Every structure is written in structure tokens, then in C-alpha cells.
Amino acid sequence: MDDEVLEQIVSVFNALVSWVAAGAMVFGGVVPYIPQYRDIRRTQNAEGFSTYVCLVLLVANILRILFRFGRYFETLLLWQSIIMIGTMLIMLNLCTNVRMATELNTKRRSFIDFDWSYFWSWSRFMDYVQCVLSFTLVAAYITYLLLDSALFVETLGFLAVFTEAMLGTPQLYCNFQNKSTEGMSIKMVLMWTSGDTFKTGYFLLTQAPVQFWTCGLLQVFVDIAILFQVYYYSRYPQKPVSHTVSHTTSAKAL
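Looking at an unreviewed UniProt entry, one finds the protein named Solute carrier family 66 member 2, with Amphiprion percula as its source organism. As recorded by UniProt, the Subcellular location (unreviewed entry) comment attached to the protein reads in full: "Membrane".

Written as C-alpha cells, this is what we have:
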């Protein structure tokens, strides 16, 4: 009787751990963007966050979903991609609204202008949606035509993983251009680093394909480089700390 009770307890515990692990797998990638979202909302300043991070994750997760049509992977990863796409669209919506509110005299730019000098710097959130939908339709059509090619499917999977591995590079470049990490959430980068380190260790322990842990190591390296920027620019400031007053507040005051 005691053995049966113990088995039931162990079974319930294993099920609980599985549910927690599944939740962490699906929503864990979204958590780092919560502090960044709150910082942008609080300061009404999106200058320190690179929206190209959103572009990288949108492309990577769209490609991953398309890859599933050629090679099946677990449903949890599919939901992870869907939720990440939704999160990046929410981040883009916030950044676009904040930027347009503080650039009242800037000429409005649109996706249908097809001006590559302003790519991913449009004035309306719907322009980003149009771009994402266009990319999805074109990529889906090409995938449909070449789905029978094993080489294409494997290449598609590699592109999805490699694109995600380049996640931190837009933020790294943004910090380098600004000569500052002001406006970037350090909590977000710390969560990136811990998550990427855990993921890469998991790939190595489970002897995952070489491209998985190689791209994981690349992600960790970029995360560490961004953390070094935080240290370097705080210790050796390259420009004075800005005290910009929100144009929205000024406009309301007038």
C-alpha cells in the first residue's frame, strides 16, 4: 500500500515537473523582454533598444515554423515560436508609437515606399505587419515548391537556428553606434545569457547536431560581448548621459 502511494506521489511530481518545464520552454524566451518593455513604457524612450532584435526573432521563428512542414519537431517548440512572434510584434508596436510621439516633425515613412534606406524604420506599426506578412507568404511559397528537397529542408532548419544565433548582434551594434548602453535593459541581457548558456549546455549534454551547439556558443559569445559593453561604457563614458524630456509631455504642456 505504501509503495502504491509513493508511486502516485512520484507520478504526480513527474507530471508537475513536466508541466513546469513545458511552460518554461514555451514562455521562457519571452520573459527577458518584459523588463525592456516596462523600461520603454516608463521612460517613453526606445532609443536604447534595437528593433532589429525583433526582426531577427521574427525571421528565425517564421523559418522554424516552415521547417516543421519538412521535418517534424515537438509541438512545444511550435508554440514557443508562435508566442515569440506575437511578443516581437507587441515590442514593435510600442517602439513605433514611442518613436513617432517623440519625432513629431519627422517625415512619415512607409513600407510600400520601398525605400531601402529606411528599411525597418517605418512610421506605422502596420508597415511592419505588412513586411512580416510579405516575407511569410514568399517564404511559405518557396517552401511549398521545394518541400520535397531534403537539402532545402535542412538548409531551412539551419537558417532558422543561425538567424536566432545572431539575435544579440543588432543590440551589440546599436550600443556601439550610441557609444552607450543607456536605454537597454541589463536584466534582459542577463536573462539572454543565462538562457543561452543553459540551452547550449543542454545541446552538448544531449549530443545535439553540431549546428545547434555551435550556434548556441555564438549566442553566448555575443551576450558576453554586450555585457562587456555595459561594463566598458559605464566605466569609460563615451558621451554624456542624456536627460531628454519627452516631446509628448512638452506638447501637452503647450
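From this point on, the discussion continues.
All chains considered together, the criterion is met by zero disulfides. Of all cysteine sulfurs in the structure, the one in Cys-54 sits closest to Cys-95, which takes part in no disulfide; the separation is 5.9 Å. Note on Cys-95: relative accessible area 1%, which makes it buried.

Evaluated as defined, the whole model comprises 14 aromatic pairs. For the ring pair Phe-158 and Phe-162, a centre distance of 5.8 Å and an interplane angle of 15 degrees mean the geometry is stacked. Taken together, the residues span about one helical turn, with Phe-158 and Phe-162 both in helix H6 (residues 150-165) at a distance of four residues. Taking the relative accessible area as the measure of exposure, Phe-158 reaches 36% and is therefore partly exposed. Given the relative accessible area of 35%, Phe-162 is considered partly exposed. Look at Phe-228 and Tyr-231: their rings are 6.3 Å apart centre to centre, the planes differ by 45 degrees, and that puts the pair in the tilted class.

Those residues of helix H2 (residues 33-43) that sit buried are Tyr-33, Pro-35, Gln-36 and Ile-40. Taken end-on, H2 shows its buried residues confined to a sector of 160 degrees, consistent with a single buried face. Of the exposed residues in H2, the ones pointing more than 90 degrees away from its buried face are Arg-38 and Arg-42. Contacts made by the buried residues of H2 are with helix H3 (52-70), helix H4 (75-102) and helix H8 (186-205). At the exit of H2 stands Gln-44, carrying a positive phi of roughly 55 degrees.

In contact at an axis separation of 7 Å, H2 and H8 are set at 170 degrees when each is read in the N-to-C sense. One way to sum up the angle between H2 and H8 is to call them roughly antiparallel. Facing Tyr-33, Pro-35 and Gln-36 of H2, the residues of H8 in contact are Lys-187, Met-188 and Trp-192. When its residues are assigned to classes, the contact of H2 with H8 shows four nonpolar, one polar and one charged.

The next subject is the confidence of the model for the protein. The share of residues in the protein with pLDDT of 70 or more is 88%, and the mean pLDDT across the chain is 83. Confidence drops under a pLDDT of 50 for residues 241-254, and excluding neighbours within four residues, the segment shows nine contacts in the predicted structure.

Taken together, Val-138, Tyr-141, Ile-142, Tyr-144, Leu-145 and Leu-146 make up a surface patch of nonpolar side chains, about 660 Å² in accessible area. Structurally, Leu-146 can be placed in helix H5 (residues 125-146). On the accessibility criterion, Leu-146 (39% relative accessible area) is partly exposed.

With that out of the way, let us pick up the nonpolar core. Grouped together as the largest cluster of nonpolar side chains are 43 residues, with contacts concentrated most on Tyr-33, Ile-40, Phe-49, Met-88, Trp-120 and Trp-192. Those elements that provide at least two residues to this core are H2, H3, H4, H5, H6, H8 and helix H9 (210-235). The element contributing the most residues to this core is H3, with 10 residues.

UniProt annotation of "transmembrane region" (unreviewed entry) refers to residues 12-34, 46-67, 79-100, 128-147 and 210-233 when read in the numbering used here. Counted over residues 46-67, helix gives 73% and strand 0%. Its end C-alpha atoms are 33 Å apart. Annotation note: span residues 79-100, helix share 100%, strand share 0%, distance between end C-alpha atoms 32 Å.

Thresholds, definitions, all that
Residues numbered from 1 in each chain as written. Predicted model: local features only at pLDDT ≥ 70, side-chain atom pairs only at ≥ 80, totals over all residues. Heavy atoms only, no water. UniProt positions renumbered as here; feature names shortened; annotations may be inferred. Disulfide = S-S within 2.5 Å. Buried < 20%, exposed > 50% of the residue type's maximum accessible area, 1.4 Å probe, protein only. Phe/Tyr/Trp six-rings, centres within 6.5 Å; stacked < 30°, edge-to-face > 60°. Helix = DSSP H or I, 4+ residues; strand = E, 2+ residues; numbered from the N terminus. Arc of directions from axis to C-beta. Contact = heavy atoms within 4.5 Å. Axes fitted to C-alpha atoms, helices over the stretch in contact; angles between N-to-C directions. Parallel < 35°, antiparallel > 145°, perpendicular 65-115°, else oblique. Nonpolar A, V, L, I, M, F, W, Y, C, P; charged D, E, K, R; others polar. pLDDT = per-residue confidence, 0-100. Patch = residues over 30% accessible without salt bridge, like charges linked within 9 Å, V, L, I, M, F, W, Y side chains within 5 Å. Areas by Shrake-Rupley, 256 points an atom, 1.4 Å probe, with all protein chains shown as cover. Salt bridge = Lys/Arg side-chain N within 4 Å of Asp/Glu carboxyl O. Core = buried A, V, L, I, M, F, W, Y, C linked by side-chain atoms within 4.5 Å.

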